[in-house]
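For reference, the chains in residue letters:
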Amino acid sequence: MEKNELGGAALGTELHRWGAELEGVGLEYEKVQELVEAVTDDTCNVAKDHRPCSPMNWGVCYDGSVQGKNAFELRTPAFTGDASSWPRLRAVCDALRAAGATVNITCGLHIHQDATYILKALRRQGKDAVHAEGLLFTSATAVYQGLEAALDTIMAPSRRGAGNPQVMSLFHPRAMLADHHLKLSAGALLTHGTLEYRHHAGTLNAHKIFSWAKLTGLIQERIAEVALGHALFPKTPATTIEEALELLGANKLLSDYFIARRDHFQELEGADPVLPVASLIRSLTCKATRGRGDCRKLTSEGKRHLAARIYANRQSYREASLAVQVGAIVPTWFLEALQHEVDRD
């Protein structure tokens, strides 16, 4: 097998490690801990404050950005790049969902990709620590800026553009890669030795998690190639997901998955003009409440049912999701219920 200056197998193999932060709601910390340990035989630590969980074990922690009853953040151990982690992660996700855990609009999926091998390779090229970190920062920024528009097309509307303060665009005028709230953040580089990919909406679907982990692994490899001088990233950004996947060297299986996700969102959203979302919701709520038109009269089950009806009606979903993209004010309960429908699909 070909070797390179990264000290292991050539890029694109199973060399590198990654981990995930799964944000969700609906289960107490102790229940999450019990489920994880039951289906994996691994240790799951509980930290109810901001103390970090062990990178070698599962950990359930507090996260102030997640809103909802019994909100939690589940951190995985450090996984290798091969498929050996699939059964454990799938078992955990299946157990959480069966027990009633779900996600809402405030949840995200954060993938941490190991970056220490890049820094070590840069040091072997003769760069000091400061220069190595600077090269990694600038390379990561350049690569992700070149992909951001294309990657937005495979994300839920609430994670696109520059409107969500939890997932800021790398084109934001005040964006610094060390900022924690970017679509790609280097804020964890000093503490965990990772780049953190925060672009994806929250999910407890193991297939979605693994697919995004694989894609971010390819992005990480391209960042490494640019930082080490092995490749120049095109100055013209990728505008379609097909262009991005080809640039990253994604295989057919992964490419087909993300193209299907893009097509799925396009089908839902279409290209219709944005209607006033408040009027849309009032109209649909009026029907759901038999003329009363007041969402406060809806039970939680009624709100979920309303969101399901909107999601099933492609025209209604287009109007709602487009309104989210342009920053319209949308009731929180509506967004949370709608995100639940998106994640279930």
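Above this text is the structure in question.
Throughout what follows, the structure given in this document is the object of discussion. (Residues numbered from 1 in each chain as written. Predicted model: local features only at pLDDT ≥ 70, side-chain atom pairs only at ≥ 80, totals over all residues. Heavy atoms only, no water.)

**Focus on the pattern of salt bridges**
- This model, assessed by the stated rule, comprises ten salt bridges.
- Glutamate 148 is the partner of lysine 183 in a salt bridge, and the nearest nitrogen-oxygen pair spans 2.9 Å. Here glutamate 148 lies in helix H4 (residues 129-152) and lysine 183 lies in the loop between H4 and strand S7 (184-185), a separation of 35 residues in the sequence. Pair check on accessibility: lysine 183 and glutamate 148 agree, each one buried.
- Where aspartate 256 meets lysine 252, a salt bridge forms, and the shortest distance between an N and an O atom there is 2.7 Å. Of the two residues, aspartate 256 and lysine 252 are both situated in helix H8 (residues 252-269); the distance of four residues between them amounts to about one turn of the helix.
- Judged by relative accessible area, lysine 252 falls into the exposed class, the value being 63%.
- Counted as one network, the salt bridges with shared partners bring together Glu148, Asp152 and Lys183. (Salt bridge = Lys/Arg side-chain N within 4 Å of Asp/Glu carboxyl O. Helix = DSSP H or I, 4+ residues; strand = E, 2+ residues; numbered from the N terminus. Buried < 20%, exposed > 50% of the residue type's maximum accessible area, 1.4 Å probe, protein only.)

**What to know about the packing of helix H3 (residues 116-124) against helix H6 (residues 206-227)**
- The interhelical angle for the contact between H3 and H6, taken along N-to-C directions, is 10°, at an axis separation of 10 Å. On the basis of their axis angle, the class for H3 and H6 is roughly parallel. Handedness of the H3/H6 crossing: right-handed. Along the contact surface, H3 presents Tyr117, Ile118 and Leu122, while H6 presents Gln220, Glu221, Ala224 and Ala227.
- Its residues assigned to classes, the contact of H3 with H6 shows five nonpolar, one polar and one charged. (Axes fitted to C-alpha atoms, helices over the stretch in contact; angles between N-to-C directions. Parallel < 35°, antiparallel > 145°, perpendicular 65-115°, else oblique. Left-handed = near helix turned anticlockwise from the far one by under 90°. Contact = heavy atoms within 4.5 Å. Nonpolar A, V, L, I, M, F, W, Y, C, P; charged D, E, K, R; others polar.)

**So, the environment of tryptophan 86**
- Within the element layout of this structure, tryptophan 86 appears in helix H2 (residues 86-98).
- On a C-alpha basis, the gap between tryptophan 86 and phenylalanine 210 in space is 7.7 Å, while along the polypeptide they are 124 residues apart.
- Other than its neighbours up to four places away in sequence, tryptophan 86 contacts Ala206, His207 and Phe210.

**Things to note about the nonpolar core**
- Counting 74 residues, the largest nonpolar core has Leu74, Trp212 and Leu215 as its most contacted members.
- Residue contributions to this core peak at twelve residues, all from H6. (Core = buried A, V, L, I, M, F, W, Y, C linked by side-chain atoms within 4.5 Å.)

**Brief notes about the side chain of aspartate 114**
- Checked against the element boundaries, aspartate 114 lands in strand S6 (residues 109-114).
- Despite its burial, aspartate 114 remains without a salt bridge, the nearest opposite charge being carried by arginine 17 at 6.7 Å.
- For aspartate 114, the side chain forms a polar contact with the side chain of threonine 116, separated by 2.7 Å. (Lys, Arg positive; Asp, Glu negative; His and termini not counted. Polar contact = N/O pair within 3.5 Å; in protein donor to acceptor, adjacent residues only side chain to side chain.)

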